[in-house]
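Examining the three-dimensional arrangement
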Amino acid sequence: MISDNAKAVMRKDLSEFRRQKLVIGSIIAMPLILGILIPLSMFAPIAMEAPEGPTWDVENLFTQGRLDPSWDVPETASTLESVETADVALQNTRVVNATIERAVLTECDVRDSTLKNVTIDSCLLENVNLYNCVVTNSRGAGLDGETIMSVDSELVFEHERESELEKLIPMFLNTTLILFIILPVTLPTIIASYSIVGEKNNKSLEPILASPTTDGELLLGKVLSAFVPSMASTLGAVAVGGAIINIFLSQLGEPLLPNLTWVLGILLLAPLACIMSILACVIVSSRVTDVRAAQQVGGFIVMPVIVLMFGVLAGVILLTPLAMLAISGAFAAANGGLYYFAKAIFNREDILVRWA
Amino acid sequence: MIKCNALTRRYDDITAISDLNLTIEDREVFGLLGPNGAGKTTTMRMLACLIAPTSGDATIGGHSILDLRGQQEIRRITGLLPEAPGLYDTLSAHANLDFYGKLYGMPQALRERSIKEVLEKFDLWDRRDDAVGTFSKGMRQKVAIARAILHDPTYLFLDEPTAGLDPKASKTVRDYIVSLREEGKTIVINTHNLAEAERICDRVALINGRTIQVGPPGNLARGLFARTLTVTLAEEDPSLAEGLESFPYIASIETSGTRLRLTVKDPEQNNPSLVKWLVEKGARVQFVEEEEYSLEDVYLRLMEEGGRR
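Keep in mind that this is a model prediction, so the values were computed, not measured.

**Looking at the overall build of chain B**
Regarding its fold elements, chain B presents ten helices and 14 strands. Relative to the globule expectation of 19 Å for 309 residues, the C-alpha radius of gyration of chain B, 25 Å, shows a markedly less compact shape. Once the C-alpha set of chain B is aligned to its principal axes, its extents read approximately 80 × 45 × 30 Å. Among the 309 residues that make up chain B, the fraction classed as buried is 51%.

Printed below as a string of structure tokens:
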């Protein structure tokens, strides 16, 4: 339950922020940068460079050109079924359950067969294993094999392989998520530094402390006044950034956001990181008398999240939902320690005697 | 009533105030006088429950500053004007006061009524929506005083209420303090302005790390200075001074033209016989006046003699 006095402190601070260009500028500019520019700069090149269609995991597969969409299934005049043959040339034939070596197949319909050292032109292939084959102007599905040269054909194999760009997408998503988590860590270093050290410079702490407001209410009010705009700004950035990323993901045929990792990151880790930053700012603010000094020292607070980002970029940390819960747990534990430390130094006596 | 019992506060090795014993009656304007670093602000901060005493105790309206519940109650019944106004420059006068009204738990209707009342009292109602950063020093001080009295406290602690104000603004603040006493408030003022203390304080305490003297400003000179009379004659007569030397109750005689400056032990007892003797000697006595000592004289003498820390 938030007391009326804590709410009053928060509302007063928010009213002050509205008139502070640095604070309001940061609250608006940082989400714009993170919410629009970063998703655009990261995902637009991926969308432009992404290959059309899937990449096949077949050894020595070479493809060139695509099949004309007006291609028709060839009509077959005869059937070759359940045979093993070699050194033949077949035209306009239905081949079913056969093994054929060293052959030329033209306008054939081949199903459930194996073709070795065969030249295939204008054929329909289904469930066929191809070894050392050249395929031109043909269409096929459920294929397998190795050393295949495909020219002006549309072949669908059984084994798909992730493209390099596809591998990058989860990493880019994780990096973007971390950047979004940096936002609620960075903004409090500006807001909380101002709201606490500013109060100190303004010499306005004494009349507040002479009122019936308790130390805890004042601390809570200060935490909330930094938390609310930081998280509002973060959620705004995530909403805009997520929408932009989803446009690119839909183009790439990838699952759209939010996924569970993002939900946990934004709704659990980001608030915890924000609170950690605010509490650290309270502690830093008690030791410095200048807003800029507080902001500079506060800049170091971003370091744990930067380390997290490098861990993600280096592939050391995989941001799975479980990892999110574990990291959030670590942040929550750190917050517990910081809270007791901040509470210990945030008392009337210290504020007036040592802070001033 | 405010009672201080051996109130002491040390900051590490430095003793700001030691063994302060004071009783401030209700409806009294009480001045704390002393040089910089005398412990005036520390005393006020202890009474406003901002810092704890190292030893000793004080009660305000029966509530002890050592008791946690008492502290909360004291904060409700006291108002503080700190040395610096501590206003929020970007907020309006109204917003500044409204914030403090909320901290004191005042309902909105009461807040609005009180804000209007105090701002009108200081002729600031028309400027209520202007940012206090645009106000003059005097106006800012008025808003700070308005903030201290907004919740209608019984006890007021005012630290240098007229510091840095022009004479007109100072007078407004002084008049207002006097009017607050008439409303039944008990007011403690820290000030360097001795003339001001003399004018508005019922009693003052001279402190310099400890209590040096307490009493009404007019009475502090008694016992501190010898009582001196100035007798103005119509004509100069050097023989009179020679004759006065034989008087046992006259400690010293200075002459300057038609003026005789006499230090007399007990003017109330001795003046009639003294004047009678002068008249009998043919002197035409025009005026007999006792020299008065200002609070400044008292302050300087006390600080010089016994006020060294």
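**A word on the domain arrangement of chain A**
Split by domain assignment, chain A resolves into domain 1 (4-50 + 163-354) and domain 2 (59-157). One C-alpha centre belongs to domain 1 of chain A, the other to domain 2 of chain A; they are set 59 Å apart.

**A closer look at the sheet that holds strand S13 (residues 259-264) of chain B**
Hydrogen bonding along the main chain pairs the strands of a sheet, whether they run parallel or antiparallel. All names here are of chain B. With respect to topology, four strands assemble into an open sheet ordered S12-S13-S11-S14, the strand pairing being antiparallel. Two strands in the sheet have a free side with no partner beyond their single neighbour: strand S12 (250-256) and strand S14 (285-290). Neighbour-to-neighbour, the strand axes of the sheet open up by a mean angle of 20 degrees, direction not taken into account. Direction of pairing for S12 relative to S13: antiparallel, over a ladder of six bridges. By the bridge assignment, Ser252 is partnered in S13 with Thr263.

**Thoughts on the sheet that holds strand S7 (residues 155-159) of chain B**
Residue and element names in this part refer to chain B. Here six strands make up an open sheet; going across it, the order is S6-S7-S8-S3-S9-S10 and the pairing mixed. Single-partner strands in this sheet number two, and they are strand S6 (78-81) and strand S10 (211-215). Within this sheet the neighbouring strands show an average axis-to-axis angle of 15 degrees, counted without direction. With four bridges connecting them, S6 and S7 associate as parallel partners. The partner of Leu81 across the bridge, within S7, is Leu158. Running over the sheet, helix H6 (residues 167-182) touches strand S3 (29-33), S7 and strand S8 (186-191) and is turned about 155 degrees from S8.

**Side note on the confidence of the model for chain B**
Residue and element names in this part refer to chain B. Scored by pLDDT, chain B has a mean of 89; 97% of the residues are at 70 or more. Here helix H10 (residues 295-305) is the element of chain B with the lowest mean pLDDT, 74, and helix H3 (residues 93-103) is the one with the highest, 96. Quick note on the complex model: pTM equals 0.75, ipTM equals 0.80.

**Re the interface of chain B and chain A**
Each partner contributes to the interface: chain B provides 25 residues, whereas chain A provides 25 residues. Taken together, both faces of the contact between chain B and chain A bury some 2400 Å²; the carbon and sulfur share is 61%. Summed over the three residues of chain B that lose the most area to chain A, namely Leu50(B), Tyr88(B) and Leu103(B), the buried surface amounts to 25% of that side. Where chain B meets chain A, there are two salt bridges. With its nearest N and O atoms 3.1 Å apart, the salt bridge here joins Glu206(A) to Arg45(B). Seen at the junction of chain B and chain A, the total is nine residue pairs in polar contact (both at pLDDT 80 or more). At the level of elements, strand S1 (2-11), helix H2 (68-77) and H3 of chain B are the ones that each hand at least two residues to the side of chain B that touches chain A. Examining the composition of the side of chain B that touches chain A, we find that four residues originate from one element, H3(B), more than from any other.

**What about the side chain of Gln72(B)?**
With respect to the element layout, Gln72(B) can be found in helix H2. Reaching out from Gln72(B), the side chain makes a polar contact with the backbone oxygen of Pro212(A) at a distance of 2.8 Å. Filtering out sequence-adjacent residues up to four positions away, Gln72(B) remains in contact with Pro212(A) and Thr214(A).

Analysis parameters
Residues numbered from 1 in each chain as written. Chains lettered and ligands numbered in written order. Predicted model: local features only at pLDDT ≥ 70, side-chain atom pairs only at ≥ 80, totals over all residues. Heavy atoms only, no water. Helix = DSSP H or I, 4+ residues; strand = E, 2+ residues; numbered from the N terminus. Rg over C-alpha atoms; globule rule 2.2 N^0.38 Å. Buried < 20%, exposed > 50% of the residue type's maximum accessible area, 1.4 Å probe, protein only. Domains from an automatic or database assignment. Pairing = 2+ DSSP bridges. Axes fitted to C-alpha atoms, helices over the stretch in contact; angles between N-to-C directions. Contact = heavy atoms within 4.5 Å. pLDDT = per-residue confidence, 0-100. Buried area = accessible area lost by both parts, 1.4 Å probe. Salt bridge = Lys/Arg side-chain N within 4 Å of Asp/Glu carboxyl O. Polar contact = N/O pair within 3.5 Å; in protein donor to acceptor, adjacent residues only side chain to side chain.

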